[in-house]
Amino acid sequence: MNTAGTSHLPVLGVGPIYVSAIFALTVTASILSYLGLASNGAIANAWIRILMIAAGLLVIAEAVIVWCAAVFGSHMVQSVKTGKLMTSGIYAWVRHPVYAAFLLLNCGLLLVQANWWLLALPVIYWVGLSVLMKHTEERWLENKFGDEYTRYATRVNRILPWPPHSTKSPRKS
């Protein structure tokens, strides 16, 4: 992704490719689990299954809330048009809320499957998204906003929504 000299990131960058890839992988893994092809990872204990399904539904609900806060509550379009760094609202909780929402949605869908094998995928998704953001969008944001973005990045998580905190204890997730 070449962003040198551009005033904004391209709409069709690595993000949509990443989101499409993890969704396709989640659907494929879910189908394989449903068909019994990953049955040796299925959780047999009813209480653990219920807890995982409940946790999955909660994570899916969190994904919807984060996505709605980013798309409808953040005035994202206005900030992009004015060229300002967004640091309030959901952006005070997570630097990449739209990607975080898609990551959470896929993780929730995998939790609902209650299969130990599928729990490796959220870790892979998180690592992949962290690497992509660090080497694409965050590099562009650092070039555009400099120290303002660097200070923001030291106090706000990259992907996992977390309540705002001071710069004394930076979080890098």
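None of these values were measured; they are calculated from a predicted model.

**Overview of helix α5 (residues 120-135)**
Note on helix geometry: an α-helix contains 3.6 residues per turn, so any two residues three or four positions apart are oriented the same way. Spanning 16 residues, α5 covers 23 Å between terminal C-alpha atoms, matching the ideal 22 Å at 1.5 Å per step. The elements touched by buried residues of α5 are α1 (14-34), α4 (97-112) and α6 (137-145).

**Remarks on the UniProt feature "transmembrane region" (unreviewed entry) in the protein chain**
In the numbering used here, UniProt assigns the feature "transmembrane region" (unreviewed entry) to residues 17-38, 50-77 and 97-127. Spanning residues 17-38, this segment combines 82% helix with 0% strand, and its end C-alpha atoms are found 26 Å apart. Taken end to end, residues 97-127 is 77% helix and 0% strand, and its first and last C-alpha atoms sit 16 Å apart.

**Let's talk about the pattern of salt bridges**
The final tally for this structure, using the stated rule, is two salt bridges. In this structure, arginine 95 engages glutamate 138 in a salt bridge whose closest nitrogen and oxygen atoms are separated by 2.9 Å. One end of the pair, arginine 95, is in the loop between α3 (76-82) and α4; the other, glutamate 138, is in helix α6, and 43 residues separate them in sequence. Overall, arginine 95 belongs to the buried group, its relative accessible area being 6%. By relative accessible area, glutamate 138 is classed as buried at 3%. Among the ionic pairs, arginine 158 bridges to glutamate 138, the shortest N-O distance being 3.0 Å. A residue pair is termed long-range when its members are at least 10 positions apart, and arginine 158 in the segment after α7 (147-155) and glutamate 138 in helix α6 qualify at 20 residues. Accessibility classification places arginine 158 together with glutamate 138 in one group, the buried group. A single network of salt bridges, built from pairs that share partners, joins Arg95, Glu138 and Arg158.

Rules of the game
Residues numbered from 1 in each chain as written. Predicted model: local features only at pLDDT ≥ 70, side-chain atom pairs only at ≥ 80, totals over all residues. Heavy atoms only, no water. Helix = DSSP H or I, 4+ residues; strand = E, 2+ residues; numbered from the N terminus. Expected span 1.5 Å × (residues − 1). Contact = heavy atoms within 4.5 Å. UniProt positions renumbered as here; feature names shortened; annotations may be inferred. Salt bridge = Lys/Arg side-chain N within 4 Å of Asp/Glu carboxyl O. Buried < 20%, exposed > 50% of the residue type's maximum accessible area, 1.4 Å probe, protein only.

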